Amino acid sequence: MEAFFLVKNGSADVAFERRAISLKQPEALEVAIEVEAFGLNFADVTARLGLYRDCPPLPTVVGYEVVGRITETGSDVNNVSKGDRVIAFTRFGGYATHVVTDSRGVAKIEEDYPVGKALALGVQYTTAYFSAEMASSLNPGEKVLIQAAAGGVGTALVQLCKHKGCKIYGTAGSEEKLAYLRNQGVDVPINYRTQDFSEVIKEDLDVVYDSIGGSTFKKGFKLLGPGGRMVSFGAASQLDAGNFFSKIRFGLSFGFYHPVQFIMNSKSLSGVNMLRIADHKQHLLQHAIEQVAQLAKEGKIDPYVGGVYPASQLNEAHTALEKRKTMGKIGIVWEE
Ligand SMILES: NC(=O)c1ccc[n+]([C@@H]2O[C@H](COP(=O)([O-])OP(=O)(O)OC[C@H]3O[C@@H](n4cnc5c(N)ncnc54)[C@H](OP(=O)(O)O)[C@@H]3O)[C@@H](O)[C@H]2O)c1
């Protein structure tokens, strides 16, 4: 049994070390899984760079999702069985050949469902589903803005909003990503490196899904009309804030808000952190992951896989995600 340990903050080629691990026995509600592949998420990049507050002290094994086969179940597990192929949400520990995790973040998947697509369901589609259905109670036909829409969560939000017949404004940082957004059915793709999305959008929005933070959050909030909902689930632009003072400037650039503003226009702001949901509201995570697995089975969502790399290329995959070169899901398969 092995895992990639995050041993040092910095570039991918110095950050990870492959080491032997041992596995604990699953507790009553836990399952043990032999891992076929694990997913990369943007949070792993921020953890590697030392910018992720929830990351355990180093050395540690990061990783929020795996696809694999159940080898053992705890005494109270009733949603999956030994031998099932599953997608599983892990609270760190995912970059490993074997994991033990809470069964309430695990859903069965078809034997022939492609591994990269399955990985996308773990964190990215579950986060998108929670944000759309639970945090913003998305209604059919609403007008939405999705930031970083070509990414993993972004693509998932596009597909869930499309499924509800919403009008979608989606931002991305390159022409290649804009073409991808058009293909995915985004009504108004916006390159936010060359255009100011707050000038392009001329109508009130119902929901803004923001994972960029800073001034992008502030501008997005202003676009909401009465009854509008802001869902904030990330702050990718923190990577651009260098020294202490630019970090303070970044914090201030979100803007300042007073409850009266929310009441007068019946607006709301929801923060989403799936780690907190996984730790404290396990039934909500279970609902979300089972729903996305079902939607995938019915062909109502179809994750886009930007790349599935062999374990020997973890560093390349991590660097591509950090450098904004990827679209959709990026995963790592363990070699035979
Ligand atoms: N709260 C939660 O529970 C939760 C769960 C999952 C993900 N997230 C957040 O959701 C966001 C998307 O996650 P993901 O895993 O799906 O990643 P991703 O969207 O596939 O990759 C991140 C994308 O963010 C965009 N970006 C904008 N500003 C950036 C910057 N300064 N540096 C780097 N990238 C920047 C880039 O797209 P462009 O090239 O188009 O700009 C990049 O491709 C992240 O912010 C992540 O932290 C939150």
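Look above for the structure.
Nothing here was measured: the structure is a model prediction, and the numbers come from that model.

Rules and cut-offs
Residues numbered from 1 in each chain as written. Predicted model: local features only at pLDDT ≥ 70, side-chain atom pairs only at ≥ 80, totals over all residues. Heavy atoms only, no water. Helix = DSSP H or I, 4+ residues; strand = E, 2+ residues; numbered from the N terminus. Disulfide = S-S within 2.5 Å. Core = buried A, V, L, I, M, F, W, Y, C linked by side-chain atoms within 4.5 Å. Buried < 20%, exposed > 50% of the residue type's maximum accessible area, 1.4 Å probe, protein only. Domains from an automatic or database assignment. Contact = heavy atoms within 4.5 Å. Axes fitted to C-alpha atoms, helices over the stretch in contact; angles between N-to-C directions. Parallel < 35°, antiparallel > 145°, perpendicular 65-115°, else oblique. Nonpolar A, V, L, I, M, F, W, Y, C, P; charged D, E, K, R; others polar. Left-handed = near helix turned anticlockwise from the far one by under 90°.

Asks: Sorry, what's going on with unusual backbone geometry here?
Replies: For residues other than glycine, phi is negative in most cases, and the peptide bonds are mostly trans. Following Leu 58, the chain continues into Pro 59 via a peptide bond in cis, with omega recorded as -5°. On the secondary structure map, Pro 59 appears in the loop between helix 2 (42–48) and strand 4 (65–73). Located in the positive-phi region is Ser 137, a residue other than glycine, with phi close to 40°. Summarising the element assignment, Ser 137 is placed in the loop between helix 3 (115–135) and strand 8 (143–146). Backbone geometry at Arg 324 places phi at a positive 65°, although glycine is not the residue there.

Asks: Hey, could you run me through the state of the cysteines in this one?
Replies: Joining two cysteines, a disulfide is a covalent bond between their sulfur atoms. One pass over the full model with this rule turns up zero disulfides. Of the cysteine sulfurs around Cys 161, a residue in no disulfide, the closest is that of Cys 166, at 4.9 Å.

Asks: Teacher, can you tell me more about the nonpolar core here?
Replies: General note: in soluble globular proteins, nonpolar side chains tend to be found buried as a group. One finds Phe 38, Leu 40, Tyr 95, Val 144, Ile 146 and Tyr 209 to be the most contacted residues of the largest nonpolar core, which totals 91 residues. For this core, the element with the most residues is helix 3, which contributes 12 residues. Here this core spans two domains, and each of domain 1 (2–123 + 275–333) and domain 2 (127–274) adds at least three residues to it. The residues touching Val 144, leaving out its near neighbours within four places in the chain, are Leu 138, Cys 161, Cys 166, Lys 167, Ile 168, Tyr 169, Val 207 and Tyr 209. Grouped together as the second largest cluster of nonpolar side chains are 13 residues, Ile 190, Phe 217, Leu 224 and Met 230 included.

Asks: It is not clear to me how the packing of helix 3 against helix 11 (residues 282–297) should be interpreted in this structure. Could you clarify?
Replies: Their axes nearest at 9 Å, the elements helix 3 and helix 11 cross at an angle of 105°. Of the possible angle classes, the one that applies to helix 3 and helix 11 is roughly perpendicular. Here Leu 121, Gly 122, Tyr 125, Thr 126, Tyr 129, Phe 130 and Met 134 of helix 3 come into contact with helix 11, specifically with Leu 284, Leu 285, His 287, Ala 288, Ile 289, Gln 291, Val 292, Ala 293, Leu 295 and Ala 296. Its residues assigned to classes, the contact of helix 3 with helix 11 shows 13 nonpolar, four polar and no charged.

Asks: Is there a simple way to explain the packing of helix 3 against helix 4 (residues 152–163) in this structure?
Replies: Between helix 3 and helix 4, the shortest axis-to-axis distance is 8 Å and the interhelical angle comes to 50°. The angle between helix 3 and helix 4 falls in the class oblique. In this structure, helix 3 meets helix 4 at a crossing whose hand is right-handed. Residue-level contacts link Gln 124, Tyr 125, Thr 127, Ala 128, Tyr 129, Ser 131 and Ala 132 of helix 3 to Gly 152, Val 153, Thr 155, Ala 156, Leu 157, Gln 159 and Leu 160 of helix 4. When its residues are assigned to classes, the contact of helix 3 with helix 4 shows eight nonpolar, six polar and no charged.

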